[in-house]
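# Understanding the architecture of this molecule
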Amino acid sequence: QVQLVESGGGLVQAGGSLRLSCAADGRIFSFNAMGWYRQAPGKERELVATITRDGSTNYANSVKGRFAISRDNAKNTVYLQMNSLKPEDTAVYYCNAGARWTADVFWGQGTQVTVSS
């Protein structure tokens, strides 16, 4: 069973930065698209950013120009660099990855990001 393990969340002041990491823990595995989603209290989970295996990226309008997603295929790891953080970025951030050779989709357990004003 593949597990996605997130790290890097925490409390930061508005205008600050955080870097989230998500690594696959378990048997050797290959992924197609990987991404980050977030869910704020009382709201639905929403897409933040995705990245394909060859590095093409997609961002939610609310984070364009502030967040950057990247990945290391050799390490099965995806990163999210978050700059100029705003209080409205406060949410639980979830890592997501699609299997390369099957239809399986995996989720991490989530990491809390809190931005104080």
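Scroll up to find the structure this text is about.
A brief report on the enclosed structure follows. (Residues numbered from 1 in each chain as written. Predicted model: local features only at pLDDT ≥ 70, side-chain atom pairs only at ≥ 80, totals over all residues. Heavy atoms only, no water.)

Most peptide bonds take the trans configuration, and most residues that are not glycine carry a negative phi. Although it is not a glycine, Asn76 sits at a positive phi angle of roughly 50°. As for its placement among the helices and strands, Asn76 is situated in the loop between strand S7 (67-72) and strand S8 (77-82). If you check the backbone angles, Ser84 has positive phi at about 50° while not being a glycine. If you trace the backbone, Ser84 turns up in the loop between S8 and strand S9 (91-99). Take Ser84: its relative accessible area is 41%, and that puts it in the partly exposed class. (Helix = DSSP H or I, 4+ residues; strand = E, 2+ residues; numbered from the N terminus. Buried < 20%, exposed > 50% of the residue type's maximum accessible area, 1.4 Å probe, protein only.)

What follows deals with the nonpolar core. Grouped together as the largest cluster of nonpolar side chains are 30 residues, with contacts concentrated most on Trp36, Leu80, Met82 and Tyr93. Put simply, the parts of the chain that give this core at least two residues each are strand S3 (18-25), strand S4 (31-39), strand S5 (46-51), S7, S8, S9 and strand S11 (111-116). (Core = buried A, V, L, I, M, F, W, Y, C linked by side-chain atoms within 4.5 Å.)

Turning our attention to the sheet that holds S7. Strand order across the open sheet formed by four strands is S1-S3-S8-S7, with antiparallel pairing between neighbours. Since the sheet does not close on itself, it has two edges, and those belong to strand S1 (3-7) and S7, each with one partner. Averaged over all adjacent pairs, the angle separating strand axes in this sheet is 15°, with direction ignored. Both S7 and S8 contribute to a ladder of six bridges, which runs antiparallel. Bridge pairing links Ile69 to Leu80 in S8. (Pairing = 2+ DSSP bridges. Axes fitted to C-alpha atoms, helices over the stretch in contact; angles between N-to-C directions.)

Here we take up the pairing of S4. Remember that side chains alternate between the two faces of the sheet whenever the strand is regular. Both S4 and S9 contribute to a ladder of seven bridges, which runs antiparallel. Bridge assignment links Trp36 to a residue of S9, and that residue is Cys95. Pairing geometry for S4 and S5, over five bridges, is antiparallel. Within S5, the residue paired with Met34 across the bridge is Ile51. Counted along the chain from S4 to the antiparallel partner S5, the turn is six residues long, and its residue Gly42 has a positive phi close to 80°.

Moving on: the state of the cysteines. Under the counting rule described, the total for this entry stands at one disulfide. A disulfide bridge connects Cys22 with Cys95, and the sulfur atoms are separated by 2.0 Å. Residues Cys22 and Cys95 are joined through a disulfide that is left-handed, its torsion about the S-S bond being -80°. Highlighted residues: Cys22 in strand S3 and Cys95 in strand S9, separated in sequence by 73 residues. For the pair Cys22 and Cys95, one class covers both residues: buried. (Disulfide = S-S within 2.5 Å.)

What follows deals with the side chain of Arg38. Residue placement: Arg38 occurs in strand S4. Residue classification places Arg38 among the buried positions, given a relative accessible area of 7%. A polar contact of 2.7 Å, which involves the side chain of Arg38, links it to the side chain of Glu46. Side-chain polar atoms of Arg38 contact the side chain of Asp89, separated by 3.0 Å. Dropping the residues within four chain positions of it, Arg38 is found in contact with Glu44, Arg45, Glu46, Val48, Ser62, Val63, Phe67, Glu88, Asp89, Ala91, Val92 and Tyr93. (Polar contact = N/O pair within 3.5 Å; in protein donor to acceptor, adjacent residues only side chain to side chain. Contact = heavy atoms within 4.5 Å.)

It is worth stressing that arrangement in space is one thing and function is another; only the former is reported here.
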